[in-house]
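So you can see what is in the structure, the chains are spelled out below.
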Amino acid sequence: GIQVEQSPPDLILQEGANSTLRCNFSDSVNNLQWFHQNPWGQLINLFYIPSGTKQNGRLSATTVATERYSLLYISSSQTTDSGVYFCAVEHIGSNYKLTFGKGTLLTVNP
Amino acid sequence: GAVVSQHPSRVICKSGTSVKIECRSLDFQATTMFWYRQFPKKSLMLMATSNEGSKATYEQGVEKDKFLINHASLTLSTLTVTSAHPEDSSFYICSASSGSFNEQYFGPGTRLTVT
């Protein structure tokens, strides 16, 4: 099956700092999504981004499908950004199944 | 965005009993629903895929007789953990997608504790 690797596994920031999270995947994909899992376990959709660049407020994401990676940028981080960020991909031919990376645990300190 | 609900959010049951978890798409018709399991501080592992009106497809290593999945309508899927044991304790999360979009939307999860 497809491998999804996220880095870094843990990240600690001061409020106001910027960060970049990375997701590498081992094969071609139909779909790539970024999620934020809040402390209560809810996965919040951040981006659906199989290719290209998107921005939503302080967050933006870029996927370079030909090089098999995606980046999530968080600017001017806030304490409420804390949580686990997951990248998930739909491998071509997998019939819409998502394979998740292990996540990046982000802690933003005041 | 699309909204998916789960019920209950938290359940405690005795070993040997069965527990049913509901997953509903509130504002769209979900042609496909997925069930995941998440252990503490771990990633999500897909358990099974269900399409409305057909049998669920289980991932390797998931016991279909223990984790019964029904997708009776375009807005409801249920997961029944039969004869639950303490090792079934976990966080169970469903997701749903529609024929009109590929993006999956997730429910808030159900925390199951088997005593």
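Here, the structure is the one placed above.
Quick notes on the rules
- Residues numbered from 1 in each chain as written.
- Chains lettered and ligands numbered in written order.
- Predicted model: local features only at pLDDT ≥ 70, side-chain atom pairs only at ≥ 80, totals over all residues.
- Heavy atoms only, no water.
- Phe/Tyr/Trp six-rings, centres within 6.5 Å; stacked < 30°, edge-to-face > 60°.
- Helix = DSSP H or I, 4+ residues; strand = E, 2+ residues; numbered from the N terminus.
- Buried < 20%, exposed > 50% of the residue type's maximum accessible area, 1.4 Å probe, protein only.
- Contact = heavy atoms within 4.5 Å.
- Core = buried A, V, L, I, M, F, W, Y, C linked by side-chain atoms within 4.5 Å.
- Pairing = 2+ DSSP bridges.
- Axes fitted to C-alpha atoms, helices over the stretch in contact; angles between N-to-C directions.

*Asks:* Talk me through the packing of aromatic side chains; I want residue IDs and the actual numbers.
*Replies:* Inspection of every chain in the model, using the stated rule, returns seven aromatic pairs over all chains. Centroid distance Phe100(A) to Tyr36(B): 5.6 Å. Interplanar angle 80°. Geometry classified as edge-to-face. Residue Phe100(A) is located in strand 10 (residues 98-100), and its partner Tyr36(B) is located in strand 4 (residues 32-38); the two belong to separate chains. Neither residue differs from the other here; Phe100(A) and Tyr36(B) are each classed as buried.

*Asks:* Tell me about the environment of Val29(A), and please be specific about residues and values.
*Replies:* Residues and elements named next belong to chain A. With respect to the helices, strands and loops of the structure, valine 29 is situated in strand 4 (residues 29-37). What makes valine 29 buried here is its relative accessible area of 14%. Sequence separation between valine 29 and valine 64 is 35 residues; the distance between their C-alpha atoms is 11 Å. Setting aside residues no more than four positions away along its own chain, valine 29 makes contact with Ile2, Val89, Glu90, His91 and Ile92.

*Asks:* Residues and numbers for the nonpolar core, please.
*Replies:* Ranked by internal contacts, the top residues of the largest apolar core, which has 25 residues, are Val4(B), Trp35(B), Phe67(B), Ile69(B), Leu79(B), Tyr92(B) and Leu112(B). Breaking this core down by element, the ones donating at least two residues are strand 2 (10-13), strand 3 (19-25), strand 4, strand 5 (44-51), strand 7 (67-73), strand 8 (76-81), strand 9 (90-98) and strand 11 (110-114) of chain B. Not counting chain neighbours up to four residues away, the residues in contact with Val4(B) comprise Cys23(B), Arg24(B), Phe28(B), Cys94(B), Ala96(B), Tyr105(B), Phe106(B), Gly107(B) and Pro108(B). Core analysis: the next-biggest nonpolar cluster, separate from the first, contains 22 residues, Val4(A), Tyr85(A), Val89(A) and Leu106(A) among them.

*Asks:* How would you sum up the sheet that holds strand 6 (residues 52-56) of chain A? Please name residues and give values.
*Replies:* Residue and element names in this part refer to chain A. Here we have five strands laid out as an open sheet, ordered 1-3-8-7-6, and antiparallel in their pairing. Of all the strands in the sheet, the pair left with one neighbour each is strand 1 (4-7) and strand 6. Going across the sheet, the axis of each strand differs from the next one's by a mean of 15°, ignoring polarity. Bridging between strand 6 and strand 7 (residues 59-64) involves five bridges; their strand directions are antiparallel. Paired with glycine 52 across the two strands is threonine 63, which belongs to strand 7.

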